[in-house]
Amino acid sequence: MATMLRTVSSQYRNASLVFPHQSQKFHTGVSSSAEILKGTWFPPHQYHQNDHEEGLHMPSLLQLDESPPKKAKVVICGGGMVGTSLLYHMAMLGWGADTVMLEQGRIGGASSWRGSGFLGGVKIIRSEMNVLLSSQKLAQQLAEAGHDTGWKQCGGLHLARTRDRLTHFRKMKSIAETRGTECYILTPEEVSKKCELLNTSDLVGAFWVPKDGVCDPYKFTYSLLKLALEKGSRAVEECQVSRFLVHDQRVVAVETNRGTIECDYVVNTGGLWARKIGQMSEPYVKVPVHPAEHYFLYTHPLDGIDLMMPAIRDPDANIYMREFNGGFLCGGFEKWAKPSFEHGDLPGQLHEREQLEDWDHFHVLLKEMLHRAPAMKNAVLGHLCNTSCAFSPDHRWIVGMAPELANYFVTAGLRSGGSTAAGGIGKMIADWIVNGTPPLDACDLDILRFLPAHNNRRFLLDRVREVPGLHYSIAYPFADFTTGRCLRMSPIFPRLKAAGAVFGQVMGYERPSYFLQKETVDLEDFNAHSDSENSAPFHIATTNTWTKPAWFYNAADEYAACRERVAILDYSSFTKFDVWSKGNDVVQALQYLCSNDVDIPVGGIIHTGMQNVYGGYENDCSLARIAPNHYMMIAPSIQQTRCGTWLKRNLPADGSVVMSDVTSMYTAICIMGPLARNVLSELTDLDLSTKAFPFFSFKEIDVGLASGIRAMNITHTGELGWVLYIPNEYALHVYNNLVSVGKKYNMLHAGYYAMRSLRIEKFYAFWGQDLDSTTTPLECGRVFRVKLNKGIDFIGRKALEQQKEEGVKRLYVQLQLQDHNPEVDPWAWGGEPIYRDGVHVGVTTTTGYGYTLNNLVCLGFVRNYDKAGNMDYVTPEYVMDGLYEVDIAGVRYSAIVTLRSPSLPTKFPEPQDNRYLATQT
C-alpha cells in the first residue's frame, strides 16, 4: 500500500515515532501541525504464524455449507464472534444439527480479529460480571483442552490518576472478592514492578486482577466455529437475509438470497447491522444501536516488551493497551466520538465498514498512549484501524427476547467488546432458548428496557456521540446523559424548569431530581412575562462524588415538606395501562396474572405482583378498579415496555380483554404531605376526609375547572397525599391552581431524590432496583399480598406454595449504618457487600439518606451460605441474630438490621387502618 501524507496535531511535537519502510525516526516540529508518513498496513493476520496469514480465512480451513437447510430450529443471523459463540453453545447443548448461522459476508472477517481480546471479569453489576467471567472461563477451558484461543493469563491492571477513581476501584474490589475474584489495590511503586514499561509519575494507585487475561479474538472465533461444526452445526457465508416471515407474532421462516429456512427461533447477532436486520419483519423489531468510529493501533514487534505484559486499562485517559505479537495493541474511547454512516446507509459487506484514518481525531488518545508507555515512541507503527462499532443508547449490551415477536432474540450493542462478552452472551441465549427461561435475571441488559422512541435514528445519532466516551468514565451514582434530552416531557415541564427543576432522564422522560430554589413558582410573574418559562435554563442532575452530594440540602428541604407540610411532585413518567373487557373477562384474566386478589370493590386500589412460573416478579404494580370491567394499572417507569409485553403475551389470545398503554395520555401530579388535603380541598367539592376517601382508594374528581381526573389516595412513599392522573389538556390548569393554592401552605416542589429517601426510609422495594424476576414476595416480606387461596390459579402459584412450605433462601432487610460519618466518609450508593458476623451474606440493592432517621439507610437481601458456599434456608431468627456490617469502598461500617418498616415519628398522625405497609411480620 502506498504511503500517504497526513496532518497531525502539534500535540505530537514531543513524539518520536518510527514508521515502516522509513530509515529514520520522524520528529514532529513545533508548528501547529506536521506532516507524517502513514506506514504501510501490515494486517494483524500477517502477525500470526501459520494458521491465518494474509488472505487465509476460516472457509479456507473449515468445511462450510454451500446453501442453508430448508428447516432449522434456530437461525442465527450474523457470523461474528457472538454468532459463532451462540452456534458453539447450541451445539454443546445438543442442538448442533438443528442450528444454522448465516453470514452476509465471510465468517472470521475483521470483526472477529479486530479488538482488544481482553478477558476480565470485574463489574459492579452482577449480570455483566457473570457474562465476563463466563467468556473468560470458556477461552481458558478451550485452551487447556488443546484448542488455540490465544489465551494467556497475564493479569489485568487498571490505573488510577485520581482519588475518586481509586475509590471506584475499591468498590469494585469489595464486590469482586465476595464473588470469588482475587484482586488487589496497588501503589504506584507496585505498578512499576508489574509493568516496567509504564510511566507511573501521575498515578495514585491501581487495581490488579491477577487471573484476568487476553485472547486472540480471531483464534478464539476459529476454535468456536470448528468445534460447533464438528457437532453438526451449519454455517453459510455470503447469505443475505431479506425478510422474516411472521405468523401469530412469531417468526416462522427466514428468506435469504439462497433460499427460505423454516425455523422455530431467530437470533439477531448482526452487530453493526442489527437495527437494519430488525426492520426485516412485520412488525419490525426495534434494536436501538448506532455505529461510531473506534480506533485500534497496532505496532510491529518492539525490543524489551514482555510477552506476559498485563492487559492495561488507563480509564482516566480513555485508553487501553496490551502486548500483541511482540508489539503493542492500543485503543481507546475518545470523550466525544464520531458517528459512522450518519445517514443510515450501512455498508453491504463487512470490509466496507472501514473508515478513513483520522489522525487529528486520534491524537488525543495517541498522546496519552505515548505518555503512559514512553517506549512506544520508538515503535514501528503497523496500522491505525478505524472500524465502526455499534453502541446502544445507554452504553450497555442489548440481550434478550424482542417485545414484538415471541421467538426473536437479540444480542447487540457490544461496542468493541466482542471477545470480552461473546462467550458469556452466547451461553446465556443458548440456555434461554433450550430451557425456555433466561439462566439469570439481567434486567439491566434486557432489550425490554427500551421504548420505540429509543430506536429513532436521529436520537441514536445524537446519543452515540456521547456514549463511547462513557466507557471508561467513573460510575458515579445517578449518572445521566447530556445528549438525547428533552425527548419526553409532561405538559408541566416548562413550569417545572422555571421553578428550578434539575432533571434526570428515565425512559426518555425528563423527571425532576431536585429543585434549585425553595420558593414555589410565581404564577403572576408567568402571566406578566410569558417567555420566562421558556428562557429558564435546563439543568441536568449530576452527582460527581462518592461522598455527601451537593444536592443533599435541597433534597432535605423537599423531604421535610413531604413529611411536615405539603409538596408537589411530577409522577408523569410512571407506567400506566388501562385494561378492560365487555364482561367479567378482565377480572378473570388479572386474577390469573396477579398473585394478589384483584376482585376488589370499584374504587379500590390494590398492590400486587405479577409473578413468573418461578414466583419471581415480572411486574410490581398498583391496580385501581375504575369500573366493574375496567382497571388502571400503575407500574414503575422502567417497566413500560416490559409490563406491556408481559400483558400482551399472557392476556387471552381471543381479544376478549383489551389493554392500552396510556402512559403518555395522563400527566400525573402528586400532592404529598399532611397538608395535602387542605390544598386539594380548596379546588374540589369532593369530601376528602379519611372516612369518605380512605387510603388506597380511587375516585374520579374535578379540580378547579377540569373534570375527569383520576385521583388515587396513595403516594408510593407511605406519606399522606394523592396522585392525580390528569388528561394532558387539563394538566397546566390543574398545576397552576395547585401551586396557587399551595402558596399559603408554604408548598414546595419536590423531586425524585426526596421521594427516593422517603421510600428507602420506609423500607419500600422498587422493581429494577430491589426486585427482579428472581425475587419472590416471600423473600421481600410481601407474603400478605399473595392470596394462595383466592379460588383461581395464577402464574407462579405452585412455586410460591412450594417455597412457603420449604422456606426461603434470602430475606429482604433494612440496614441503618452506625459508625458512618456522612460528612466525610464515602457513601453507600448500592452494590455494597453485607456481612453478618464477619461472613459475606449479600449486597445492598438501594441506599439513601434517611432524613428522619438521620442516617444512611441500606436495603438488600441477606442469605445463609453453608461451608460449601451453597445457599441454605433463612429465617427471621437467623437474620436478627447477628452483627452486621456494610463494606463501603473497603471499609466496613456496623449496621442495625430490621425486617419490617420502621415507625417514624410524625407531627400529623393518621388512623392506621388500611394504611400501606411495605413489609409485614
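The rules we used
Residues numbered from 1 in each chain as written. Predicted model: local features only at pLDDT ≥ 70, side-chain atom pairs only at ≥ 80, totals over all residues. Heavy atoms only, no water. Axes fitted to C-alpha atoms, helices over the stretch in contact; angles between N-to-C directions. Helix = DSSP H or I, 4+ residues; strand = E, 2+ residues; numbered from the N terminus. Parallel < 35°, antiparallel > 145°, perpendicular 65-115°, else oblique. Contact = heavy atoms within 4.5 Å. Nonpolar A, V, L, I, M, F, W, Y, C, P; charged D, E, K, R; others polar. Pairing = 2+ DSSP bridges. Salt bridge = Lys/Arg side-chain N within 4 Å of Asp/Glu carboxyl O. Buried < 20%, exposed > 50% of the residue type's maximum accessible area, 1.4 Å probe, protein only.

A.B. asks: Outline the packing of helix α5 (residues 126-144) against helix α8 (residues 217-230), listing residues and values.
C.D. replies: Where α5 contacts α8, the axes come no closer than 11 Å and their chain directions differ by 75°. Taken together, α5 and α8 sit at an angle that is classed as roughly perpendicular. Residues Ser135, Leu138, Ala139 and Leu142 of α5 lie in contact with α8, whose contacting residues are Phe220, Leu224 and Leu227. Grouping the constituent residues of the contact of α5 with α8 by class yields 6 nonpolar, 1 polar and no charged.

A.B. asks: Give a description of the pairing of strand β43 (residues 891-898) that names residues and reports values.
C.D. replies: By the bridge criterion, 4 bridges tie strand β37 (residues 810-817) to β43 in an arrangement that is antiparallel. Following the sheet pairing, Leu815 is matched in β43 by Val897. With 5 bridges connecting them, strand β42 (residues 884-888) and β43 associate as antiparallel partners. Note on β43: the bridge partner recorded for Glu885 is Ser894. Hairpin geometry of β42 and β43 is characterised by an intervening segment of 2 residues between the two adjacent antiparallel strands and by a positive phi of about 55° at Ala889.

A.B. asks: Describe the environment of Trp827, listing the residues and the values that go with them.
C.D. replies: With respect to the helices and strands, Trp827 occurs in the loop between β37 and β38 (833-836). Residues Trp827 and Lys548, 279 residues apart in the sequence, show an inter-C-alpha distance of 6.9 Å. Trp827 has contacts with Trp546, Thr547, Lys548, Pro549, Phe552, His820, Pro822, Glu832, Tyr849, Leu856 and Ile888, leaving out every residue within four places of it along the chain.

A.B. asks: Can you explain the pairing of strand β13 (residues 241-247)? Please cite residues and give values.
C.D. replies: Direction of pairing for β13 relative to strand β14 (residues 250-256): antiparallel, over a ladder of 6 bridges. Directly across from Leu245, in β14, lies its bridge partner Ala253. Counting the residues in the hairpin turn of β13 and β14 gives 2 residues, including Asp248, whose phi is positive at 55°.

A.B. asks: If you had to explain the pattern of salt bridges to someone new, which residues and values would you point to?
C.D. replies: Counted under the stated rule, the structure contains 34 salt bridges. The partner of Lys152 in a salt bridge is Glu323, with the nearest N and O atoms 2.3 Å apart. Note that Lys152 is positioned in the loop between α5 and β8 (156-160) and Glu323 in strand β18 (residues 319-324), a separation of 171 residues in sequence. We classify Lys152 as buried; its relative accessible area is 16%. Put simply, Arg161, Asp202, Asp314, Glu368 and Arg372 are held in one network by salt bridges that share partners.

A.B. asks: Please give an account of the sheet that holds strand β30 (residues 630-635) that cites residues and values.
C.D. replies: Across the sheet, 5 strands lie side by side as β28-β29-β30-β27-β31; this open sheet has antiparallel pairing. On the outer flanks of this sheet lie β28 (605-611) and β31 (657-661), each paired with one strand and no other. Strand after strand, the sheet turns through a mean of 30° between neighbouring axes, direction not considered. With 6 bridges connecting them, strand β27 (residues 575-581) and β30 associate as antiparallel partners. Looking at the pairing, Val579 lines up with Tyr631 of β30. Here helix α18 (residues 640-650) sits on the sheet in contact with β27, β28, β29 (617-627), β30 and β31, set at roughly 20° to β27.

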